[in-house]
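# Survey of secondary and tertiary structure
One-letter residues, chain by chain:
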Amino acid sequence: MTPVTFHNTLSRQNEAIQPTKGNVIGMYCCGPTVYAQAHIGNFRTFLAQDVMRRTIQTAGYKVIHVRNLTDVDDKTIAKSVAEAKPLREVTEHWTEVFHDDCERLNLLKPQIEPKATEHIPEQTSMIESLIEKENAYATEDGSVYFRVSSFPEYGALSRVKDRELTTDAASDTPNDSDEYERDSMADFVLWKSRKPTDGDVYWDSPWGQGRPGWHLECSAMSMKYLSNNLDIHSGGVDLTFPHHDNEIAQSECSCGHKFFKHWIHCAHLLVDGGKMSKSLNNFYTVDDILKKGYQPVVLRYALTSGHYRQTINFTLDSLNAAQSALTRLKKFSDDILAATSLKRSTLLKSIDKGKQTKAPWAKFQKAWDQLSNDLNIAGALGAIFTAIKEINSTELSNEEAAENAIAFHKLVYALGYDLDSVVIEKPKIEAPEEIKALAQQRWEAKQAKDWTAADQFRAQLQEKGWLVKDTKDSYEIETI
RNA sequence: GGCGUGGUAGCCAAGUGGUAAGGCCGAGCUCUGCAAAAGCUCUAUCGCGGGUUCGAUUCCCGCCCACGCCUCCA
């Protein structure tokens, strides 16, 4: 096992991960709310978490990856009401869509993917223990709130102190005052009493019918599945406050000990320099990008090539850059594998099974150092391309070639780039008869070594938007 | 107002107290009749003004600009 460090939002410092138990790292990721297709900003975070997991595994640890599905909340309920469909039908549909997107982007499946609606007892019992310890209180309408003042360390993660004094922004909004009978503005809801707008979505509880508050599910489910491995908890920056601070408060109060050690937050994705929004027409789903003709692996590259703690500015241009860069990686992979007796798929499989963790990094040492140091993907890619150039201009022994091939593919695995799916050729488009005829005439002129005529035909084709590429003993035509 | 991030070549983007990785694009070269592909080579003094220092893009102060969270948004 080699050290892997990540920035910890709690300490604001880079810290090496340290398994609580054995060589297993527990990793909890806040997952999607399944009420619509996730956008590429959501996937930016899930991809960063995926590379994180792959990197930890590549270093030699086992990872238990838990990522929840929020299948009950205001948005999911609103959607089911709007479509007059049962909540479950709505959430199952969008869960499927989410899984399809994950697969296309080559995300490893979490071993556990718990749903909020399937963990109601865990959540209510956590609330009961909080009430018992006087960290929470029920209101007359049957809701339950967490008493923030009962947890002095509240806000340690976001470092937002005295939230009550800074709720100007919040108090500007009506804030659904019927619902808020809390003692303090800072208190947050653990259990929401049933309201007419909830339709038939409710569960019975000691406080009457209702449903759990959003922050609670992650606490209950992470404690259930990772109680012995409270190592890493991560999500998008926007979750730092209040979601994660709330999770810490309710979890530590209920279980009486520290919650997760390492908190990792991924910065947002910007599109064309600003926030994604439907009105600006820069709101993309994975489908939207693929429909433009890009391979999923290209999207993956574009969404992961910047540092995860840095906002990425996504542009269609960045996809073109990604396509070219991936082509070079694939070319190198093909070349170096050809120089060995290794096959890409079997090699990647053995890496996935952890069989290559001790293999030397050879020329890719620096790339690994970058990747394992707070997941500096941009730095790692730089080092990879530098190493490639170096290897290309050196005579390697068979042994060295094999070593470097393995090292390179360990990085490819960690980054999750499916090089097999990188399409180097432009998609073939059937040419109109007129074009085919011109191309054929050019070919004949070329065969007759009538270069002048051949060039004229080439020029004509070019004017019409077609390019002729000569191959060994034939030719191809494609659009420019 | 509070908490926080960033301003590095045409675009994207690492990084360091000692004169700046890498990718894309572009240009040149090699190879091909031409073209394409591929390979090689080339392209910045790091937002502005001060300060500390033998020396700062990197540390400190001020300013300008952009952006995020503080609303059940990844």
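Conventions used here
Residues numbered from 1 in each chain as written. Chains lettered and ligands numbered in written order. Predicted model: local features only at pLDDT ≥ 70, side-chain atom pairs only at ≥ 80, totals over all residues. Helix = DSSP H or I, 4+ residues; strand = E, 2+ residues; numbered from the N terminus. Buried ≥ 20, exposed ≤ 12 C-beta atoms within 10 Å, placed from the backbone. Contact = placed C-beta atoms within 7 Å. Domains from an automatic or database assignment. Pairing = 2+ DSSP bridges. Axes fitted to C-alpha atoms, helices over the stretch in contact; angles between N-to-C directions. Near = placed C-beta within 6 Å. Nonpolar A, V, L, I, M, F, W, Y, C, P; charged D, E, K, R; others polar. Parallel < 35°, antiparallel > 145°, perpendicular 65-115°, else oblique. Core = buried A, V, L, I, M, F, W, Y, C linked by C-beta atoms within 7 Å.

### Comments concerning the overall build of chain A
Summing up its helical and strand segments, chain A has 16 helices and 14 strands in all. The C-alpha extent of chain A, read off along each of the three principal axes, is 95 × 50 × 35 Å. Counting only residues that meet the buried cut, chain A has 42% of its 480 residues in that class. Long-range contacts, defined here as pairs at least 24 residues apart, represent 75% of the contacts in chain A between residues at least 6 apart.

### Regarding the domain arrangement of chain A
Domain boundaries in chain A define domain 1 (5-266), domain 2 (270-421) and domain 3 (433-479). Centre-to-centre separation of domain 2 and domain 3, based on C-alpha positions: 36 Å.

### Observations concerning the sheet that holds strand β9 (residues 232-236)
Strands pair in a sheet through their backbones, by hydrogen bonds, and they do so in one of two ways: parallel or antiparallel. The strand order across the open sheet formed by four strands is β4-β3-β9-β10, and the pairing between neighbours is parallel. Either end of the sheet is taken by a strand with one partner, and the two such strands are β4 (62-67) and β10 (262-266). With direction set aside, neighbouring strand axes in the sheet form an average angle of 20°. Taken strand by strand, helix α1 (residues 40-58) contacts β3 (24-29), β4, β9 and β10, and its axis lies near 160° from that of β4.

### Some remarks on the sheet that holds strand β7 (residues 188-193)
The strand order β5-β6-β7-β8 describes an open sheet built from four strands, whose pairing is antiparallel. The outermost strands of the open sheet, each flanked by one partner alone, are β5 (136-138) and β8 (210-212). Sheet twist, expressed as the average angle between the axes of neighbouring strands with direction ignored, equals 20°. As defined by bridge partners, strand β6 (residues 144-146) adjoins β7 across three bridges and the pair is classed as antiparallel. The residue bridging phenylalanine 146 from the neighbouring strand is phenylalanine 188, located in β7.

### Structural notes on the protein's contact with RNA strand B
Around RNA strand B, 66 residues are found, and the nearest of them are Gly41, Trp214, Gly236, Gly379 and Gly382. For the surface near RNA strand B, the leading source of residues is helix α10 (residues 316-338), giving nine residues. Taken together, the residues of the surface near RNA strand B sort by class into 22 nonpolar, 28 polar and 16 charged.

### So, the packing of helix α12 (residues 365-372) against helix α13 (residues 377-392)
Two packed helices can be described by the angle between their axes and the distance between those axes. Direction vectors running N to C along α12 and α13 enclose 175°, while the axes themselves pass 7 Å from each other. As far as their axial angle goes, α13 and α12 are roughly antiparallel. Where α12 approaches α13, its residues Lys366, Ala367, Gln370 and Leu371 are matched on the opposing element by Ile377, Gly379, Ala380, Ala383, Ile384 and Ala387. Counted by class, the contact of α12 with α13 contains seven nonpolar, two polar and one charged residues.

### Here we look at the nonpolar core
Of all hydrophobic cores here, the largest spans 116 residues; its most connected members are Leu190, Ala367, Ile384 and Leu411. Counting residues per element, this core draws most heavily on helix α14 (residues 398-415), which supplies eleven residues. Split by domain, this core shows at least three residues from each of two domains, domain 1 (5-266) and domain 2 (270-421). Not counting residues up to four positions away in its chain, the partners in contact with leucine 190 are Ile127, Leu130, Ala136, Val144, Tyr145, Phe146, Gly213, Leu216 and Gln250. Of all hydrophobic cores here, the second largest spans six residues; its members include Ala439, Ala454, Leu461 and Trp466.

### Looking at the environment of phenylalanine 457
Along the chain, phenylalanine 457 falls in helix α16 (residues 451-463). Along the backbone, phenylalanine 457 and glutamine 441 are 16 residues apart, and their C-alpha atoms lie at a distance of 7.4 Å. Contact partners of phenylalanine 457, with chain neighbours within four places excluded, come to Leu438, Gln441, Arg442 and Ala445.

### A look at unusual backbone geometry
Along the chain, phenylalanine 241 connects to proline 242 via a cis peptide bond; the corresponding omega equals 0°. Tracing the backbone through its elements, the reader meets proline 242 in helix α7 (residues 240-255). For glutamate 134, which is not glycine, the phi torsion reads 65° and is therefore positive. Among the secondary structure elements, glutamate 134 is positioned in the loop between α4 (120-132) and β5. A residue is classified by how many C-beta atoms lie within 10 Å of it, and glutamate 134, with 10 of them, is exposed. With a phi close to 45°, alanine 362 is a non-glycine residue in the positive phi region. Here alanine 362 lies in the loop between α11 (344-352) and α12.

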